[in-house]
Amino acid sequence: MEQNFPGGKILRLKVGDITREPADAIVNAANSALAGGGGVDGAIHRAGGPSIMRELDQIRGKSGGCPTGSAVVTAAGLLPARFVFHAVGPVYRGGKHGEPELLASCYRTCLQLAEEQGIATIAFPSISTGIYGYPIREAARIALAEVTRHLNAQAGMLQQVTFVLFSEPDYRVYASCLEREPA
Ligand code: APR
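All values reported here derive from a predicted model rather than from experimental measurement. (Residues numbered from 1 in each chain as written. Predicted model: local features only at pLDDT ≥ 70, side-chain atom pairs only at ≥ 80, totals over all residues. Heavy atoms only, no water.)

## A short note on the nonpolar core
- Within the largest apolar cluster, 40 residues are counted, with the highest numbers of intra-cluster contacts made by L11, F85, I122, F124, V161, F163 and Y174.
- For this core, the secondary-structure elements that each account for two or more residues are strand 2 (9-15), strand 3 (25-30), strand 5 (83-88), helix 3 (99-117), strand 6 (121-124), helix 4 (136-152), strand 7 (160-165) and helix 5 (168-180).
- For I122, the residues in contact, after removing those within four places along its chain, are A23, A25, V27, F85, C110, A114, L158, Q160, V161 and T162.
- Ranked by size, the runner-up nonpolar core spans 18 residues in total, among them I44, I59, V72 and V164. (Core = buried A, V, L, I, M, F, W, Y, C linked by side-chain atoms within 4.5 Å. Buried < 20%, exposed > 50% of the residue type's maximum accessible area, 1.4 Å probe, protein only. Helix = DSSP H or I, 4+ residues; strand = E, 2+ residues; numbered from the N terminus. Contact = heavy atoms within 4.5 Å.)

Right under this line is the structure:
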């Protein structure tokens, strides 16, 4: 599914494995220790090779990690991308502990990093909706709202944002959110 925005910008939804998605930047659903893990984080480190963790070790050495709601940048190793943005989503604890704002902040930070790097394409997974337990319908609404707001703004180099959803049911949730609240 695709949606068009001013200036020829595009939002795409697809089912797939984000480690196989060609994009200038792919986004990882990381933890604040930047320590690697399962889910998409494990897949990115397996496919990207050890250079990504070596770079994260240096970042951790300097800054201690990455706060929830933010993201750090590394190169992409063997992945078909230039950068990985390691975004730290919130653990879902009922929704009244600032989770919506922290999740929105992840997407905003990555979109801002994309503009700072001057890149044209970025691919996101569904941050926080796996191990971190965020209900996917609420998470999809937040993710799509942040991305559509960014693509509707006239400024910016970013041309294409792709959500790579890992299952058909996840894809259908994102697609129904986008159909209900189109740009
Ligand atoms: N491509 C795209 N999406 C994927 C992939 C993949 N290769 N592998 C998993 N996913 C999906 C999951 O199905 C889920 O919908 O990514 C979404 C996010 O799930 P998680 O990877 O579990 O991320 P999150 O819920 O944010 O939890 C982060 O998990 O792996 C650890 O180190 C990570 O501690 C952190 C936590």
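## Remarks on the site of the ligand
- What surrounds the ligand is a group of 23 residues, the closest being N31, G38, V40, D41 and I131.
- Residue V40 places a main-chain N or O atom 2.8 Å away from an oxygen atom belonging to the ligand.
- Within the contact set of the ligand, an oxygen atom lies 3.3 Å away from a side-chain nitrogen or oxygen of T129.
- Judged by its atoms lying within 2 Å of the grid points, the ligand is housed in the largest pocket.
- Of all elements in the fold, only strand 3 and helix 1 (39-48) reach the threshold of two or more residues within the shell around the ligand. (Near = heavy atom within 4 Å. Polar contact = N/O pair within 3.5 Å; in protein donor to acceptor, adjacent residues only side chain to side chain. 1 Å grid on protein atoms, 1.4 Å probe; cavity = no way out; pocket = protein on both sides within 12 Å on 5 of 7 lines; lining within 4 Å. Sits in = over half its atoms within 2 Å of the grid points.)

## What to know about helix 4
- Here helix 4 spans 24 Å end to end across 17 residues, near enough to the 24 Å set by a 1.5 Å rise per residue.
- Looking at helix 4, one finds that the buried residues are I136, A139, A140, I142, A143, L144, E146, V147, T148 and L151.
- Looking at the buried side of helix 4, the elements it contacts are strand 1 (2-5), strand 2, helix 3, strand 6, strand 7 and helix 5. (Expected span 1.5 Å × (residues − 1).)

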